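For reference, the chains in residue letters:
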Amino acid sequence: MPSNLFSRAADSERANSERGNERGIFKNEDALHPEFIPDSLPCREEELKALAACLEPLADGSAGESVFLHGPPGTGKTASARFVARSLQEYSQKTVQAYVNCWHDSTRQAVLSATARAFGEALPRRGLASDEFFSRIIQNARNTKRAPLVVLDEFDRLAHAGQDSVLYDFARAGETSGVAFTLILISNDALALRRLDERALSSLRPHSMEFERYSPLELKKILGERAATAFFEGACPKSVIALCIAFAAKKNGDARVALRALYDAGKRAERRGAQEISENDARQAFGGQEERTASQEKRLVGLTDVEKEIIAVLRKSKAPLSSGDLYEKLAAGVSGKDGVGLSERSLRDYLNLLVTKRLLVVEDVAGESGRGKTRLFRLA
Ligand SMILES: Nc1ncnc2c1ncn2[C@@H]1O[C@H](COP(=O)(O)OP(=O)(O)OP(=O)(O)O)[C@@H](O)[C@H]1O
Ligand SMILES: [Mg+2]
């Protein structure tokens, strides 16, 4: 069959059935996508219950208790928050919701704009000032008499970017405008609240919930359910799931890593035209992931061009670089593009930001004269 540039999984499924085969590998490929929220989240029943209890008043149109979810990557924080928010929305019309990923929307204006849009506000093409976004949000909740819930995922990014005053906006809205917000704040960093604007914190007093790493046994349950939704019966042998669990267990029990490995293995089997994923498919899928974990990949999404350029320069360099070295290379457009025009001062700000995003590591080494220190940056 001549292959077409645009041929996809659906074609290979069709090809399978044309060959007389009953099925391909994936019954529902979406079920393994990172954004997919399954119908159940095994091993997080307690957390979901506690989260639902905090949000319960929203179902009657009143403010709930704000919550702070923290824990290592891939422990189901985002999935749990979205799961409960979705259930609430299905159950009650008396609430209005916004989910904001602060890696992407990391300024006060971006957070407010995303919230206004999620609340259903039609926004004009010309940019609005942050305060205008905020008054649209307040008006919306007030006019529709719906209690607002805002999920701020990876919210620690706001404090790092000096943009956490938006939390103060939400926290104080009850007093200033009579519209009380309930927030779900999510971070990997258990101490993220400490860096918050004091005034915002004292108004919010969020209830703190820790998400612990998954054990191999828990991963087995999670993967088993997701695989049953995603694959045709018999397409994914238990031994493949066991391999993916062992792989994820080595990566700190990150469920995202396990699901990604399972998905990649499925795709490899599909490309072979097979009806069953082999252990070899799984091992090859791990090979593709060794270099960069799914969590690191997540961090790379939504970076600015300057941030990407800094990473490209460091990736090319064998040795760690000082901000001075980086500045020269960026100015010269070392990575093949035109030089990035930015001041040394703002380059240092970018570097600090990339360190807080855990994409870069910084080490202080003694200066050449033995006095003073030079900060050297390398990829994490
Ligand atoms: N208990 C679970 N049941 C089913 N799928 C799960 C469960 N926990 C996590 N997952 C899946 O694992 C992946 C990672 O989960 P999630 O994005 O919620 O992690 P996270 O704790 O937010 O991680 P990070 O801190 O890196 O953002 C998602 O695809 C999610 O659907
Ligand atoms: Mg998350």
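Located above this text is the structure these notes cover.
Here is what the cut-offs are and how they apply
- Residues numbered from 1 in each chain as written.
- Chains lettered and ligands numbered in written order.
- Predicted model: local features only at pLDDT ≥ 70, side-chain atom pairs only at ≥ 80, totals over all residues.
- Heavy atoms only, no water.
- Phe/Tyr/Trp six-rings, centres within 6.5 Å; stacked < 30°, edge-to-face > 60°.
- Helix = DSSP H or I, 4+ residues; strand = E, 2+ residues; numbered from the N terminus.
- Buried < 20%, exposed > 50% of the residue type's maximum accessible area, 1.4 Å probe, protein only.
- Lys NZ or Arg CZ within 6 Å of the ring centre and 35° of its normal.
- Pairing = 2+ DSSP bridges.
- Axes fitted to C-alpha atoms, helices over the stretch in contact; angles between N-to-C directions.
- Contact = heavy atoms within 4.5 Å.
- Salt bridge = Lys/Arg side-chain N within 4 Å of Asp/Glu carboxyl O.

(A) Spotlight on the packing of aromatic side chains. Scanning all chains against the criterion turns up seven aromatic pairs. With 5.8 Å between their ring centres and 45° between their planes, Phe26 and Tyr263 make a pair best called tilted. Here Tyr263 lies in helix H11 (residues 255–271) and Phe26 lies in the loop between helix H1 (9–18) and helix H2 (45–55), a separation of 237 residues in the sequence. On the numbers, 6.1 Å between centres and 65° between planes, the contact of Phe134 with Phe170 is edge-to-face. With a gap of 36 residues between them, Phe134 in helix H5 (residues 130–144) and Phe170 in helix H7 (residues 165–177) connect regions that are remote in the sequence. Just as Phe134 is buried, Phe170 falls in that class too. Cluster of aromatic residues (ring-pair linked, three or more members): Phe26, Phe231 and Tyr263. The ring of Tyr99 has Arg82 lying over it, and the distance from NZ or CZ to the ring centre is 3.8 Å.

(B) How the structure looks around the sheet that holds strand E5 (residues 207–210). If you trace the five strands from one edge of the open sheet to the other, you get E2-E3-E4-E1-E5, paired in parallel fashion. With one partner strand each, in any of the chains shown, strand E2 (95–101) and E5 form the two edges of the open sheet. In this sheet, neighbouring strand axes are inclined to one another by 15° on average, regardless of whether the strands run parallel or antiparallel. Bridging between strand E1 (residues 67–70) and E5 involves four bridges; their strand directions are parallel. Considered in E5, the bridge of Leu69 is made with Met209. Sitting on the sheet, H2 is in contact with E1, strand E3 (147–153), strand E4 (182–187) and E5, with an inclination near 165° to E5.

(C) Structural view of the pattern of salt bridges. Following the criterion strictly, the structure yields 14 salt bridges and no others. Across the pair Arg44 and Glu47 runs a salt bridge whose closest N-O atoms are separated by 3.3 Å. Relative accessible area serves as the criterion here: at 5%, Arg44 is assigned to the buried category. With relative accessibility at 15%, the residue Glu47 sits in the buried group.

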